[in-house]
Amino acid sequence: MIHIPRLCVIGVGLIGGSLALALRRAGIVGEIVGCGRNQSNLRRAVELGVVDCYQTNPASAVTGADMIVLGVPLGNVRPVLTTIRDALDSATIITDVGSAKRCVIEDIEAVFGDIPARFVPGHPVAGTEKSGVEAAFADLFQKRRTILTPLAQTDPQAVSAVAALWEAVGAEVISMSADHHDRMLAATSHLPHLLAFGLVDTLARWGGDEDIFQYAAGGFRDFTRIASSDPVMWRDICIANRAALLEALEHYREDLGVLTELVRCLDGQALERVFRNAKAVRDRYLPLLER
Ligand SMILES: NC(=O)C1=CN([C@@H]2O[C@H](COP(=O)(O)OP(=O)(O)OC[C@H]3O[C@@H](n4cnc5c(N)ncnc54)[C@H](O)[C@@H]3O)[C@@H](O)[C@H]2O)C=CC1
Ligand SMILES: O=C(O)C(=O)Cc1ccc(O)cc1
């Protein structure tokens, strides 16, 4: 079994915090050093038993670390990498949890000049609409997937170590290319979040003085839960994965245009066909989604 004597988590929020809690419970880490910008958040992380100690200076935090997990929003990955670059030991494994992968690889390349062999891009496909260390919980990754997107030059031993880390917290690990990851996640995660934020914003402005939300049923709550997610994190994801997101949006706009016409022309048969197909597909995938 893997053992990490000293783990450094930069960005001790929902994901970094949950991973730290789960790894501690699994008994595979020695010391966990947290790093962030906000002292009171880091103090809380120590109180909650998420990390053993903290540093606000990333360069000091990574000193002596065997593995570093970057758990900051995508827009802050490059500045953090720039701060730690000269303090890194060449044996230290670096991984991240960002929701888009090509952009993180570009950040690494921009800061290091090439892709270090011990950098393993990762993404746990698990989360909630909550953020911050208070929302962290050790079961978050149980029976969920973590996608790794190693490159040709990535050290296979570093990939195995990061895969073992995620397996230790109950995740199933899958490897694929960063581009494939970004296209799939644009469709099933980034597009739905953008639509949920957009719908709530539209309705809020449309309602004027009238509080239309007080008449909303459970379906509205289900559809818009993810619009309670962190706006800064989602701003960063949408911008970081813009190419794949724009492709998914264009596809969706076309089909929304078709649906609009079906309603306008009172084409009930065609509408029913679309709804039947959607229901069949969702019912088929539901066991997978609820694993
Ligand atoms: N929220 C979710 O459900 C999921 C999020 N992700 C990815 O995980 C990453 C983190 O997301 P969350 O944990 O949800 O966010 P979060 O907001 O809960 O935690 C982020 C933490 O990073 C800290 N931080 C921000 N800038 C920093 C900097 N420059 N230096 C040090 N610390 C800094 C913040 O203070 C905060 O504690 C994002 O890249 C996101 O795309 C991946 C899977 C699921
Ligand atoms: O809250 C939800 O249902 C999510 O979809 C959480 C989530 C957010 C970002 C990710 O990259 C992965 C999962």
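Look up: the structure comes first, before these words.
Residues numbered from 1 in each chain as written. Chains lettered and ligands numbered in written order. Predicted model: local features only at pLDDT ≥ 70, side-chain atom pairs only at ≥ 80, totals over all residues. Heavy atoms only, no water.

Visitor: Would you mind going over the site of ligand 2 in detail, with residue names and values included?
Guide: Near ligand 2 you find S99, H123, A126, G127, T128, E129, H193, R225, I226 and W234, and these make up its full shell. Between ligand 2 and S99, the relevant distance is 2.7 Å, taken from an oxygen atom to a side-chain nitrogen or oxygen of the residue. Residue H123 places a side-chain N or O atom 2.6 Å away from an oxygen atom belonging to ligand 2. Considered on its own, ligand 2 offers 340 Å² of accessible surface; in the complex 83% of this is hidden by protein. In the shell around ligand 2, the residues fall into 3 nonpolar, 5 polar and 2 charged. Per-domain counts for the shell around ligand 2 show at least three residues from each of domain 1 (4-176) and domain 2 (181-289). (Near = heavy atom within 4 Å. Polar contact = N/O pair within 3.5 Å; in protein donor to acceptor, adjacent residues only side chain to side chain. Areas by Shrake-Rupley, 256 points an atom, 1.4 Å probe, with all protein chains shown as cover. Nonpolar A, V, L, I, M, F, W, Y, C, P; charged D, E, K, R; others polar. Domains from an automatic or database assignment.)

Visitor: Mind laying out the packing of aromatic side chains, listing which residues take part and the relevant values?
Guide: We describe a pair of aromatic rings using the distance from one ring centre to the other and the angle between the two ring planes. By the definition in use, this model includes 2 aromatic pairs. Centroid distance F141 to W166: 5.0 Å. Interplanar angle 80°. Geometry classified as edge-to-face. Here F141, found in the loop between β7 (122-125) and β8 (145-148), pairs with W166, found in helix α6 (residues 156-168); they are 25 residues apart in sequence, far enough to count as distant. This pair shows no difference in class: F141 is buried, exactly as W166 is. Pairing F213 with F220 gives two aromatic rings, centres 5.5 Å apart and planes at 35°, and the pair type is tilted. For F213, a relative accessible area of 30% translates into the label partly exposed. (Phe/Tyr/Trp six-rings, centres within 6.5 Å; stacked < 30°, edge-to-face > 60°. Helix = DSSP H or I, 4+ residues; strand = E, 2+ residues; numbered from the N terminus. Buried < 20%, exposed > 50% of the residue type's maximum accessible area, 1.4 Å probe, protein only.)

Visitor: I'd like a rundown of the site of ligand 1, residues and numbers included.
Guide: Close to ligand 1 lie 27 residues, the nearest being L14, I15, N76, S99 and G132. A distance of 2.8 Å is found between an oxygen atom of ligand 1 and a backbone nitrogen or oxygen belonging to L14. Within the backbone of V72, a nitrogen or oxygen atom sits 3.0 Å from an oxygen atom of ligand 1. Relative to its unbound accessible surface of 820 Å², ligand 1 loses 89% to contact with the protein. Sorting the residues of the shell around ligand 1 by element identifies α1 (14-26), β7 and α9 (231-240) as the ones contributing at least two each.

Visitor: Tell me about a nonpolar patch on the surface, and please be specific about residues and values.
Guide: Taken together, the side chains of Y285, L288 and L289 make up a nonpolar region of the molecular surface, amounting to roughly 310 Å² of accessible area. Take L289: it is sitting in helix α11 (residues 268-289). On the basis of relative accessibility, which here comes to 54%, the residue L289 falls in the exposed class. (Patch = residues over 30% accessible without salt bridge, like charges linked within 9 Å, V, L, I, M, F, W, Y side chains within 5 Å. Salt bridge = Lys/Arg side-chain N within 4 Å of Asp/Glu carboxyl O.)

Visitor: Talk me through the side chain of D236; I want residue IDs and the actual numbers.
Guide: Summarising the element assignment, D236 is placed in helix α9. Within the structure, D236 has its side chain in polar contact with the side chain of R235 (distance 3.0 Å). Those residues in contact with D236, other than ones at most four positions away along the chain, are P73, L74, G75 and N76. (Contact = heavy atoms within 4.5 Å.)

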